[in-house]
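# Descriptive structure summary
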Amino acid sequence: MKRAGLKIGIIPVMLMVLLAVMIAGTAVGAVYVPFFDTFRIILKNLGFLPDATFVQGQEPIIFLVRFPRVAVAALAGTALGTSGAVMQGMFRNPMADPGILGISSGAGLGAVLSIKLGLAAASIFVLPLSAFTGAFLAIMAIYILSYRKGKVPVLTLILSGIAVSTFLGAITNIVLTLSYDYQVKEFLFWSTGGLEGRRWEHFQLIVIPVLVSVVLMHLFSRDLNVLLMGEEEARSVGLNTDRLRTILLVLVSAATASSVCVTGAISFVGLIVPHIMRLLVGPDHKILLPASSIGGAIFLVACDLISRVVAVPYELGVGIITALLGAPYFLYLLLRSKKEGGALI
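Reference entry: report on the structure contained in this document. As the structure is a prediction and not an experimental result, all values here were calculated from the model.

We now examine helix H12 (residues 269-281). A rise of 1.5 Å per residue sets the reference length of H12, with its 13 residues, at 18 Å; its end C-alpha atoms lie 18 Å apart and thus fit the reference within 8%. Listing the buried residues of H12 in full gives Val269, Gly270, Leu271, Ile272, Val273, Pro274, His275, Met277 and Val281.

Let us look at unusual backbone geometry. Of note in this structure, Phe268 is not a glycine but carries a positive phi near 75°. Relative to the elements of secondary structure, Phe268 occurs in the loop between helix H11 (241-263) and H12. The class for Phe268 is partly exposed, based on a relative accessible area of 22%.

Bringing a nonpolar patch on the surface into the picture now. Judged by side-chain polarity, Ile208, Val212, Val215, Leu216 and Leu219 come together as a nonpolar surface patch covering roughly 470 Å² of accessible area. Along the polypeptide, Val215 turns up in helix H8 (residues 200-218). Exposure remark for Val215: the relative accessible area of 48% places this residue in the partly exposed category.

Turning to the environment of Cys261, a few remarks are in order. The residue Cys261 is located in helix H11 in this model. Distance in space between the C-alpha atoms of Cys261 and Leu129 is 6.7 Å, their sequence separation being 132 residues. Excluding residues that lie within four positions of it along the chain, Cys261 makes contacts with Pro128, Ala131, Phe132, Trp190 and Ile206.

A separate point is the packing of aromatic side chains. For the structure on display, the rule yields 8 aromatic pairs. Centroid distance Phe63 to Phe67: 5.9 Å. Interplanar angle 25°. Geometry classified as stacked. Within this pair, Phe63 and its partner Phe67 are both found in helix H3 (residues 58-91), separated by 4 residues, close to a single helical turn. A relative accessible area of 12% places Phe67 in the buried class.

Cut-offs applied
- Residues numbered from 1 in each chain as written.
- Predicted model: local features only at pLDDT ≥ 70, side-chain atom pairs only at ≥ 80, totals over all residues.
- Heavy atoms only, no water.
- Helix = DSSP H or I, 4+ residues; strand = E, 2+ residues; numbered from the N terminus.
- Expected span 1.5 Å × (residues − 1).
- Buried < 20%, exposed > 50% of the residue type's maximum accessible area, 1.4 Å probe, protein only.
- Patch = residues over 30% accessible without salt bridge, like charges linked within 9 Å, V, L, I, M, F, W, Y side chains within 5 Å.
- Areas by Shrake-Rupley, 256 points an atom, 1.4 Å probe, with all protein chains shown as cover.
- Salt bridge = Lys/Arg side-chain N within 4 Å of Asp/Glu carboxyl O.
- Contact = heavy atoms within 4.5 Å.
- Phe/Tyr/Trp six-rings, centres within 6.5 Å; stacked < 30°, edge-to-face > 60°.

Structural data, given as structure tokens:
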């Protein structure tokens, strides 16, 4: 009982860490603003300190340029962290990741087509909406290919995801080959995963689908705990495992596609964050899911901060940082699984 209390107690600690990381990510930049002033500027613009005054120019830098970017990073990290925890619980495999659903490849094709056709220049919303559409079409194709007699076998889903992702990647490369240099550069910038230039409009575009899908995923924490006992045991207590997986796949797809359409392809967040959280709080999804949600936000905001300061005056894509951190961790998991005689899937 005491250990359970300690595990639950990690949630408010993580929330405080998230607040600190978000303030740090907002304060640090070409123009440094003290942390306390940054916090007060945010509070003022949220309506809590209406009479507060600051050095001229600080408020727009903080609340109109930096804080929207950090808010988008936190929202995307929440989506990816939660989706990863659900995928790992659903497949009972610590190396499952939302990437196996082909979301990134579908989003990439949607993005490159909007750039090639000149649609992306019409509005800041066109590229993310095109990426979102491509991601969902890819998910639908994979699901249709995997569906067999009312069931979605795990192995078939994974193989379908690989096939569709490869096919869409080939089409994307063909489009890039036929594109102008500036179009290729624009797509490459998007595909490496980045948060530069993200504004409140981007936040408003994804906040509702991300929060709704994340909240709904949390409601299935008990069912995920039952699923951990095994397929037969779960069905013996009345759980419809096929329907559960279908619902969860839709929610994971909605959350991940919403995130990817604004941030570009950001890898490994959904892999390493839930795995680390599981080591800290255990396998109970009632605690694991909120811990992964907050942990994903912390991780992506921190990676975005690193991407801005590690190579000043240049800025790396946040997807590069997550890959540099995530790939070695994935290899560690792979080697440990091999040593223990386990399997990837």
